[in-house]
Amino acid sequence: DQQVKQNSPSLSVQEGRISILNCDYTNSMFDYFLWYKKYPAEGPTFLISISSIKDKNEDGRFTVFLNKSAKHLSLHIVPSQPGDSAVYFCAAGDSGGGADGLTFGKGTHLIIQP
Amino acid sequence: EADIYQTPRYLVIGTGKKITLECSQTMGHDKMYWYQQDPGMELHLIHYSYGVNSTEKGDLSSESTVSRIRTEHFPLTLESARPSHTSQYLCASSARSSYNSPLHFGNGTRLTVT
């Protein structure tokens with residue numbers, strides 16, 4: 001059973017517009033969330049994170065919003081640039097959990113069109 | 001820059017062969033992880049280590065084994081490769097709990113077992 005869901009396998013956005021990537025989770029124990037970006041033939045790289053005590057975190061063009069009651073988070077990229085074309089993974093973790101690993105979604109392939 | 005290295009990048013091998021996937025990091029991180037990812041699917045944690053001589057199995061059952069004799073080195077071994085082992089294997093490390101220290105990933109090893 002998937003605990004972290006990214007329901008859009010792909011998303012196409014025009015350059016300069018806003019990209020919104022969505023992620024839903026089911027495990028109430030998750031208390032921190034991260035977004036990773038992955039280019040082909042490379043490993044994922046960390047993009048931005050948010051803990052459950054916040055509802056928004058911003059870093060340059062990237063903003064992550066967390067709605068705990070809806071168990072939903074989203075990543076906003078404004079403005080979108082060609083280099084943003086990549087697969088974006090949502091990940092969640094439980095700081096009190098034993099494995100200390102992250103649970104990942106299946107990813108959303110973002111395509112920025114010129 | 002790549003502070004975590006995985007070799008080989010690509011490997012095609014026949015059924016029944018023993019293989020070792022190498023992972024080394026130069027950041028002095030105590031925590032290291034192995035994830036497995038199939039195309040279009042989420043990353044699954046298969047092994048992790050909190051330090052030298054510490055190894056644990058992750059959420060996804062795997063027939064592979066790992067060792068942690070040195071802080072910087074976390075190899076993964078398959079004693080007898082099978083076609084079902086065909087996948088991408090990603091190694092990662094972090095300085096502390098991934099709650100406050102994001103995972104750094106290597107570029108992965110894409111394994112094909114024929």
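Quick caveat: nothing in here was measured; it's all calculated off a predicted structure.

Topic: the sheet that holds strand β1 (residues 4-7) of chain B
Residue and element names in this part refer to chain B.
For step 1, the next point in the chain: Read from one edge to the other, the open sheet built from four strands follows the order β1-β3-β8-β7, with strand pairing classed as antiparallel. Looking at which strands have only one partner, the edges of the open sheet turn out to be β1 and β7 (65-66).
For step 2, the next point in the chain: The sheet contact formed by β7 and strand β8 (residues 76-78) spans two bridges and is antiparallel. What sits directly across from V66, in β8, is L76.

Some words on the packing of aromatic side chains
For step 1, the next point in the chain: Here the structure, examined in full by the defined rule, presents eleven aromatic pairs over all chains.
For step 2, the next point in the chain: Aromatic pair F89 of chain A and F104 of chain A: ring centres 6.5 Å apart, planes at 80 degrees, arrangement edge-to-face. On the criterion of sequence distance, the pair formed by F89 of chain A in strand β9 (residues 86-93) and F104 of chain A in strand β10 (residues 103-104) is long-range, its members being 15 residues apart.
For step 3, the next point in the chain: When its relative accessible area of 1% is taken as the criterion, F89 of chain A is described as buried.
For step 4, the next point in the chain: Between Y33 of chain B and Y35 of chain B, the aromatic rings sit 6.5 Å apart at their centres with planes inclined by 35 degrees, giving tilted as the arrangement.
For step 5, the next point in the chain: Of the aromatic side chains, those joined through ring pairs into one cluster are Y36, F46, F89 and F104 of chain A together with Y33, Y35 and F105 of chain B.
For step 6, the next point in the chain: Cation over ring: K31 of chain B sits above Y50 of chain B, and NZ or CZ is 3.8 Å from the ring centre.
For step 7, the next point in the chain: Stacked on the ring of F74 of chain B, the Lys or Arg R68 of chain B has its end atom at 5.8 Å from the ring centre.

Re the side chain of S94 of chain B
For step 1, the next point in the chain: If you trace the backbone, S94 of chain B turns up in strand β9 (residues 87-94).
For step 2, the next point in the chain: By relative accessible area, which is 0% here, S94 of chain B ends up buried.

Focus on the side chain of D84 of chain A
Residues and elements named next belong to chain A.
For step 1, the next point in the chain: Within the secondary structure, D84 is located in the loop between β8 (72-77) and β9.
For step 2, the next point in the chain: Residue class for D84 comes out buried when judged on its relative accessible area of 2%.
For step 3, the next point in the chain: Ignoring anything within four residues of it in the chain, the contact list for D84 reads K37, R61, F62, I77, P79, L110 and I112.

Here we look at the interface of chain B and chain A
Interfaces are frequently sized by the accessible area removed from exposure as the parts join.
For step 1, the next point in the chain: Taken residue by residue, the interface counts 24 residues in chain B and 22 residues in chain A.
For step 2, the next point in the chain: Of the roughly 1800 Å² buried between chain B and chain A on both sides combined, carbon and sulfur atoms contribute 56%.
For step 3, the next point in the chain: The tally of links between chain B and chain A comes to zero salt bridges.
For step 4, the next point in the chain: Our count for the chain B to chain A interface comes out at four residue pairs in polar contact (both at pLDDT 80 or more).
For step 5, the next point in the chain: In terms of residue class, the side of chain B that touches chain A is built from 13 nonpolar, seven polar and four charged.

Here we look at the environment of T114 of chain B
Residue and element names in this part refer to chain B.
For step 1, the next point in the chain: Relative to the elements of secondary structure, T114 occurs in the segment after β11 (109-113).
For step 2, the next point in the chain: Measuring from C-alpha to C-alpha, the distance between T114 and P8 comes to 17 Å, with 106 residues separating the pair along the chain.
For step 3, the next point in the chain: Ignoring anything within four residues of it in the chain, the contact list for T114 reads V12, I13, G14 and T15.

The rules behind the values
- Residues numbered from 1 in each chain as written.
- Chains lettered and ligands numbered in written order.
- Predicted model: local features only at pLDDT ≥ 70, side-chain atom pairs only at ≥ 80, totals over all residues.
- Heavy atoms only, no water.
- Pairing = 2+ DSSP bridges.
- Helix = DSSP H or I, 4+ residues; strand = E, 2+ residues; numbered from the N terminus.
- Phe/Tyr/Trp six-rings, centres within 6.5 Å; stacked < 30°, edge-to-face > 60°.
- Buried < 20%, exposed > 50% of the residue type's maximum accessible area, 1.4 Å probe, protein only.
- Lys NZ or Arg CZ within 6 Å of the ring centre and 35° of its normal.
- Contact = heavy atoms within 4.5 Å.
- Buried area = accessible area lost by both parts, 1.4 Å probe.
- Salt bridge = Lys/Arg side-chain N within 4 Å of Asp/Glu carboxyl O.
- Polar contact = N/O pair within 3.5 Å; in protein donor to acceptor, adjacent residues only side chain to side chain.
- Nonpolar A, V, L, I, M, F, W, Y, C, P; charged D, E, K, R; others polar.

Just geometry here; none of it tells us what the structure is for.
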